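# An overview of the molecular structure
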Amino acid sequence: MQKLIPGTNGSGQPPAEVRDLRKVYGEVTAVDGISFTLGDGSITALLGGNGAGKTTTISMLMGLVIPTSGEARVFGADMARERHNVLHRMNFGSPYVDVPMRLTVRQNLEIFARLYGVRDLKGRVAEIAADLRLTDLLDRRYGKLSAGQKTRVSLAKALLNEPELLLLDEPTASLDPDTADWVRSKLESYCREQRATLVLASHNMAEVERLATRVIMLENGRIIADETPAELIKRFGRDTLEEVFLAIARRGSEDTEMGS
Amino acid sequence: MSRAVSRLREQTSLAASASRVWAMVLRYWYVIRSSWPRTAELVYWPLVQMLMWGFLQSYLAQTTSFAAKAAGLFIGAVLLWDILVRSQLGFAVAFLEEIWSRNLGHLMMSPLRPSELVAALIAVSLIKLMVAMVPVALLAYLFFGFNVLSLGFAFAAFFANLVIMSWSLGLISTGVVLRWGLGAESFAWLIVFVFLPLCCVYYPVATLPVWLQPVALALPPTYVFEGLRAIVLDGTFLGTYMLAALALNLVYFVLGFAAFAYLLHSARVNGTLVQMGE
């Protein structure tokens, strides 16, 4: 199931590489020996039902969780031991992780710009705010924003340092369809222009079909599919990725019911 | 030299490290500045304590000769005790802000290193301490005529020893919260109070049972409060006590940082960094 795609970024290393990755919590195996390599400029969706192992895999790619065995490497750095060598080249966004509520959008973005060593931080904050239609919100407290506005701030924070590897969890959650479509266009153009690599966890299958060039589907911590969305749809004889996802999920639940 | 290597060099420079520490200090300063109730809360308890002990001492001074001789002993002790408490809480609460605001994931995923986070927490604990204690020390002078600065160099030695101890306690308490989540939050609030009876804030070490005295003498703040009594009662500065406290403090700080680093590693092994909650 492993696909090897050589990296061509400045370091000559693939943006992300996972080898025999395994994470066990007590008696629960969250991730069970998965391997994959992501190429430069690729957009990969990590899919799976709740508890499939997506969050644990992304957490190990960020170095927030140390694997039980195997390796998660980013630009060649082992994320369990050498994450600080590459953290400035990556970023992440999630609607489930906030920035400080009492601070204004500008204060938050400037603080993260400093943390990521962004040059001309005021200029960059103004630029990203204009790009993500946040200029009018810059001096409002983050805690006073709507859910959709917060999602845009989260995206602005994730793009501040122009990351070469971007990890996004539900990037268009809480956005209205028009804004969600606009954000997807932004992400597409960002990855194309910067040749950035995007790893996406999403339950919005239409979004995955539109953005992803590759889908890695997880079930019970294992990879059960690793191909393009079109290949996946064809292999399962369905019309959409959503139908494929439902077919796999229902097959899983039938197996569980039969097992019990 | 490739762009990746040059960016890595930039990121690992001292200037970049200082900039990240400054970013975190700004982050905490913005929070203090944004809420006057929080600022008032910083001053509230030290002020209540100072007034209560000040009036008690005034009363005792009228009725007992010892208290009359020991003017400033209680107020001095309560001010120094509050330095320890406020500095530890300033450190720990600043860290708890990250969990309450669900920002910890962003920080842990950023280039901010654990040592830089600790440096920022130390800086913010000092800022909060100044916000809390400067008005209280001024009021202690106005109400009771006790000028903490009249202790001179001794005050600097007391202050340094107390804040270093507070950082060691802050490191341990934040490490515990990192590892066990918000369920352990009360530990961060309460850890310092176990030192109130053991460090002999209001009475000499000799008051403790003999078996408990070695425990008290293993704690740096004990030497500070013994030193305060020596100055107020006898006018003597116990320099050796301050050096002993400093030596102990260095040991505790190294142990505190080691505990923080170990508990952070343990949180990464157990996955609690991404499941921060109760």
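Residues numbered from 1 in each chain as written. Chains lettered and ligands numbered in written order. Predicted model: local features only at pLDDT ≥ 70, side-chain atom pairs only at ≥ 80, totals over all residues.

## So, the interface of chain B and chain A
Tallying the contact residues gives 34 residues for chain B and 29 residues for chain A. Mapped onto the side of chain B that touches chain A, the elements with two or more residues apiece are α1 (3-11), α2 (14-34), α6 (104-109) and α13 (239-270) of chain B. The element contributing the most residues to the side of chain B that touches chain A is α2(B), with 10 residues. Split by residue class, the side of chain B that touches chain A holds 15 nonpolar, 11 polar and 8 charged. (Contact = placed C-beta atoms within 7 Å. Helix = DSSP H or I, 4+ residues; strand = E, 2+ residues; numbered from the N terminus. Nonpolar A, V, L, I, M, F, W, Y, C, P; charged D, E, K, R; others polar.)

## Considerations on the sheet that holds strand β7 (residues 165-169) of chain A
Residues and elements named next belong to chain A. Sheet architecture is open: 6 strands sit in the order β6-β7-β8-β3-β9-β10, paired in mixed fashion. Either end of the sheet is taken by a strand with one partner, and the two such strands are β6 (90-93) and β10 (222-227). Sheet twist, expressed as the mean angle between neighbouring strand axes with direction ignored, is 15°. Across 4 bridges, the pairing between β6 and β7 is parallel. Considered in β7, the bridge of Asn91 is made with Leu166. Lying on the sheet, helix α1 (residues 54-62) is in contact with β3 (43-47), β6, β7, β8 (197-201) and β9 (214-219); it crosses β7 at an angle near 150°. Packed onto the sheet, helix α4 (residues 147-159) meets β6 and β7 and runs at close to 175° relative to β6. (Pairing = 2+ DSSP bridges. Axes fitted to C-alpha atoms, helices over the stretch in contact; angles between N-to-C directions.)

## Quick look at the environment of B:Ala244
Residue placement: B:Ala244 occurs in helix α13. Sequence-wise, B:Ala244 and B:Phe74 are 170 residues apart; in three dimensions their C-alpha atoms are separated by 23 Å.

## Looking at the sheet that holds strand β5 (residues 77-78) of chain A
All names here are of chain A. Strand order in the open sheet formed by 4 strands is β2-β1-β4-β5, and the pairing between neighbours is antiparallel. One side of each edge strand has no neighbouring strand; the edge strands of this open sheet are β2 (28-38) and β5. The pairing of strand β4 (residues 69-74) with β5 spans 2 bridges and is classified as antiparallel. Residue pairing in the sheet places Arg73 in a bridge with Asp78 of β5.

## A short note on helix α5 (residues 73-100) of chain B
For α5(B), built from 28 residues, the straight-helix expectation of 40 Å at 1.5 Å per residue is met to within 8% by its first-to-last C-alpha distance of 39 Å. At the exit of α5(B) stands B:Arg102, carrying a positive phi of roughly 55°. (Expected span 1.5 Å × (residues − 1).)

## Quick look at unusual backbone geometry
Phi is positive for A:Asp120, close to 50°, though the residue is something other than glycine. Looking at the secondary structure, you find A:Asp120 in the loop between α2 (105-115) and α3 (121-131).

## With respect to the packing of α5(B) against helix α7 (residues 114-144) of chain B
All names here are of chain B. Their axes nearest at 8 Å, the elements α5 and α7 cross at an angle of 155°. When the interaxial angle is binned, α5 and α7 end up roughly antiparallel. Crossing handedness for the pair α5 and α7: right-handed. Taken together, the residues of α7 that come into contact with α5 (itself represented by Ile75, Leu79, Asp82, Ile83, Arg86, Ser87, Gly90, Phe91, Ala94 and Phe95) are Leu121, Ile122, Val124, Ser125, Lys128, Leu129, Ala132, Met133, Ala137, Ala140 and Phe144. Looking at the contact of α5 with α7 residue by residue, the classes come out as 15 nonpolar, 3 polar and 3 charged. (Parallel < 35°, antiparallel > 145°, perpendicular 65-115°, else oblique. Left-handed = near helix turned anticlockwise from the far one by under 90°.)

## Quick word on the packing of α2(A) against α3(A)
Residues and elements named next belong to chain A. At a closest axis distance of 10 Å, the pairing of α2 and α3 adopts a crossing angle of 125°. The angle between α2 and α3 places the two elements in the oblique class. Pair α2 / α3 crosses with right-handed handedness. For the pair α2 and α3, contact is made by Arg106, Leu109, Glu110, Ala113 and Arg114 and by Leu121, Arg124 and Val125, respectively. Grouping the amino acids of the contact of α2 with α3 by side-chain chemistry returns 4 nonpolar, no polar and 4 charged.

## Examining the confidence of the model for chain B
The predicted model of chain B has a mean per-residue pLDDT of 90, with 97% of residues at 70 or higher. Mean pLDDT across the elements of chain B bottoms out in helix α4 (residues 65-69) of chain B (69) and peaks in helix α11 (residues 213-217) of chain B (97). (pLDDT = per-residue confidence, 0-100.)

## What to know about the pairing of β8(A)
All names here are of chain A. Where burial is concerned, most of β8 is hidden: 5 out of the 5 residues are buried. Residues of β8 alternate between two faces, with Thr197, Val199 and Ala201 on one and Leu198 and Leu200 on the opposite face, all of them buried. Summarising the sheet, β3 and β8 pair through 4 bridges and their orientation is parallel. By the bridge assignment, Leu46 is partnered in β8 with Ala201. (Buried ≥ 20, exposed ≤ 12 C-beta atoms within 10 Å, placed from the backbone.)

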